[in-house]
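So the chains spell out like this:
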Amino acid sequence: MLIYIHVPFCRQRCHYCAFQSQALGRDVEPVSSQAMRDYVDTLLMELALWGDRLGGRRVESVFFGGGTPSLLPPKIVGIILERLHKIFAIDDNAEISLEANPESFKGTLLPSQYLACGINRLSLGLQSLDPDMLRILGRVHKAQDSLNSLLAAREAGFVNIGVDLMWGLPGQSVRHWLQSLKDVVRLAPEHISAYGLTLEPGTVLERQCSEGLLQMPPERDLNIMFVEGAAYLEGQGYLQYEISNYSRMGYQCRHNLGYWQGVDYLGLGPSATSTINNKRWTNPAHQKAWAEKIAQGSVAGNEELLSPLIRVLEMIMLSLRTVRGLSLKRYKEMTGHDFLIDHKRMVQALHDNGLIRIRQGLLRLTPSGMVVSNAIISNLFAQTKKVLTEPLPTLESLQTVQLTEDDAPEVRSVVWPKA
Ligand code: SF4
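What counts, and where the lines are drawn
- Residues numbered from 1 in each chain as written.
- Predicted model: local features only at pLDDT ≥ 70, side-chain atom pairs only at ≥ 80, totals over all residues.
- Helix = DSSP H or I, 4+ residues; strand = E, 2+ residues; numbered from the N terminus.
- Rg over C-alpha atoms; globule rule 2.2 N^0.38 Å.
- Buried ≥ 20, exposed ≤ 12 C-beta atoms within 10 Å, placed from the backbone.
- Contact = placed C-beta atoms within 7 Å.
- Near = placed C-beta within 6 Å.
- Nonpolar A, V, L, I, M, F, W, Y, C, P; charged D, E, K, R; others polar.
- Domains from an automatic or database assignment.
- Pairing = 2+ DSSP bridges.
- Core = buried A, V, L, I, M, F, W, Y, C linked by C-beta atoms within 7 Å.
- Axes fitted to C-alpha atoms, helices over the stretch in contact; angles between N-to-C directions.
- Parallel < 35°, antiparallel > 145°, perpendicular 65-115°, else oblique.
- Left-handed = near helix turned anticlockwise from the far one by under 90°.

**Some points on the overall build of the chain**
Logical step 1: Within the chain one finds 17 helices and 17 strands.
Logical step 2: At 22 Å, the chain has a C-alpha radius of gyration in line with the 22 Å of a compact globule built from 419 residues.
Logical step 3: For the chain, buried positions account for 37% of its 419 residues.
Logical step 4: Contacts in the chain between residues at least 24 apart in sequence constitute 73% of all its contacts with a sequence separation of at least 6.

**Re the site of the ligand**
Logical step 1: Around the ligand lies a shell formed by C10, R13, C14, C17, F19, S21, G66, G67, T68 and N101.
Logical step 2: Of the residues that constitute the shell around the ligand, the class distribution is 4 nonpolar, 5 polar and 1 charged.

**Here's the deal with the domain arrangement of the chain**
Logical step 1: Domain annotation of the chain identifies domain 1 (2-259) and domain 2 (308-399).
Logical step 2: With 8 residues of domain 1 at the interface, the matching set in domain 2 holds 8 residues.
Logical step 3: Broken down by secondary-structure element, the contributors of at least two residues to the side of domain 1 that touches domain 2 are α8 (219-235) and β9 (239-242).
Logical step 4: The element contributing the most residues to the side of domain 1 that touches domain 2 is α8, with 4 residues.
Logical step 5: When the residues that make up the side of domain 1 that touches domain 2 are grouped by side-chain class, the tally is 5 nonpolar, 2 polar and 1 charged.

**Some points on the sheet that holds strand β15 (residues 326-327)**
Logical step 1: Strand order across the open sheet formed by 3 strands is β15-β17-β16, with antiparallel pairing between neighbours. Both edges of this open sheet fall to β15 and β16 (356-359), since each of them pairs with a single strand only.
Logical step 2: The pairing of β15 with strand β17 (residues 362-365) spans 2 bridges and is antiparallel. Each residue of the ladder has a partner; that of L326, found in β17, is L363.

**What to know about the environment of V299**
Logical step 1: Mapped onto the fold, V299 is located in the loop between α10 (287-295) and β14 (304-305).
Logical step 2: You can call V299 buried: it has 20 C-beta atoms within 10 Å.

**Quick word on the nonpolar core**
Logical step 1: One finds I3, V77, L122, L124 and L165 to be the most contacted residues of the largest nonpolar core, which totals 87 residues.
Logical step 2: Mapping this core onto the domain boundaries places at least three of its residues in each of domain 1 (2-259) and domain 2 (308-399).
Logical step 3: L124 has contacts with A100, P102, F105, S149, L150, I161, G162, V163 and D164, leaving out every residue within four places of it along the chain.

**Focus: the packing of helix α3 (residues 109-117) against helix α5 (residues 143-156)**
Logical step 1: One can describe the packing of α3 onto α5 by two numbers: an axis separation of 8 Å at closest approach and a directional angle of 50 degrees. Here α5 runs oblique to α3, going by the angle between their axes. The chirality of how α3 crosses α5 is right-handed. Only A152, A153 and A156 of α5 make contact with α3, whose side of the interface consists of P111, S112 and L115.

**A closer look at the packing of helix α11 (residues 308-321) against helix α16 (residues 373-387)**
Logical step 1: α16 packs onto α11 with a crossing angle of 155 degrees between their chain directions and a minimal axis gap of 10 Å. The orientation of α11 relative to α16 falls into the category roughly antiparallel. Crossing of α11 over α16 shows right-handed handedness. Taken together, the residues of α16 that come into contact with α11 (itself represented by V312, L313, I316, M317, L320 and R321) are S373, I377, L380, F381 and T384.

What follows is the structure, encoded as structure tokens:
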């Protein structure tokens, strides 16, 4: 099982952000915030409630995400981890990640304290090293803070550091994006996440773009940024293992891999989602509503039972986002159908256009296919729903099928159907 802990506090709201988080303000000491204290109390109560239900269950990864989890002092993170160790069977080599923002990851002492309390993977939200882009994004930190935080983490002894970057920003050119990647590669992080900017409704950035104050790069440039960025990173030894994620060999984020492989996850904190034993639920988004629910001794609730069809669609979507791709064998195990027959015409069209490749029983998107992954996946969804009308294997039998990395794919040659 994976555990995700949502920390819903930030210094200020970024201009592109639609996540659930509260702005504490630039100068407020996090520990002196009543909302933060209440949050920690409720989180520990929520943990205790889960201890009664899932205590003793094996945990392979813990991820503090947000928001800005590095606003939680190391002492508090240590207390939460201690409780987790008491309640669950956390693997000795579990990945324990903390998302950190450069403005709240300063000095040499703080990184050592996080390391000492059990954090072994850091994910730094740099987003950009360019002062103008940081201003457009409404980030509270400066480019120099990014460099300082990364150096401080290294000096403290972190050996697994990821950085988050954004591309496709208003006013950004292809050359500019590739230069940003070069600057970041010089810092030698183990992992790079590169997310294309999405304009979320209701955000400052969306309003500025719709009013014409800022302009998104043209579609053609966005495609080049993605494809050339991926090629550059691969050339520098960062292997792309998912549409937006690259890492040095052996430094893939195990937590995210778990999500993509369909491992159960428990989400704690406001707005956190959980999926356990084919049931999914989401905590109330607002801290007060979440706290009221926990105070009543209630967890989960409003669970959605994931039908076999939903599990199949999720498997298609999640696996096509990875570079490993969709296992045709896995599709057959889940549905009793042959994927290539079910999606004959589409597969041929995608293949003819160089958008997919099939090798060793795995169907994966090519770099050009990744650019239009949303369209491909939604078309595959429509066709899958159409063909999977008969009853699928039961939930119980699905649970026994586990996708593993060495899921010995059979070598098969594909006979492409005629149009
Ligand atoms: S730091 Fe992250 S969660 Fe917080 S406002 Fe910015 S983008 Fe949103």
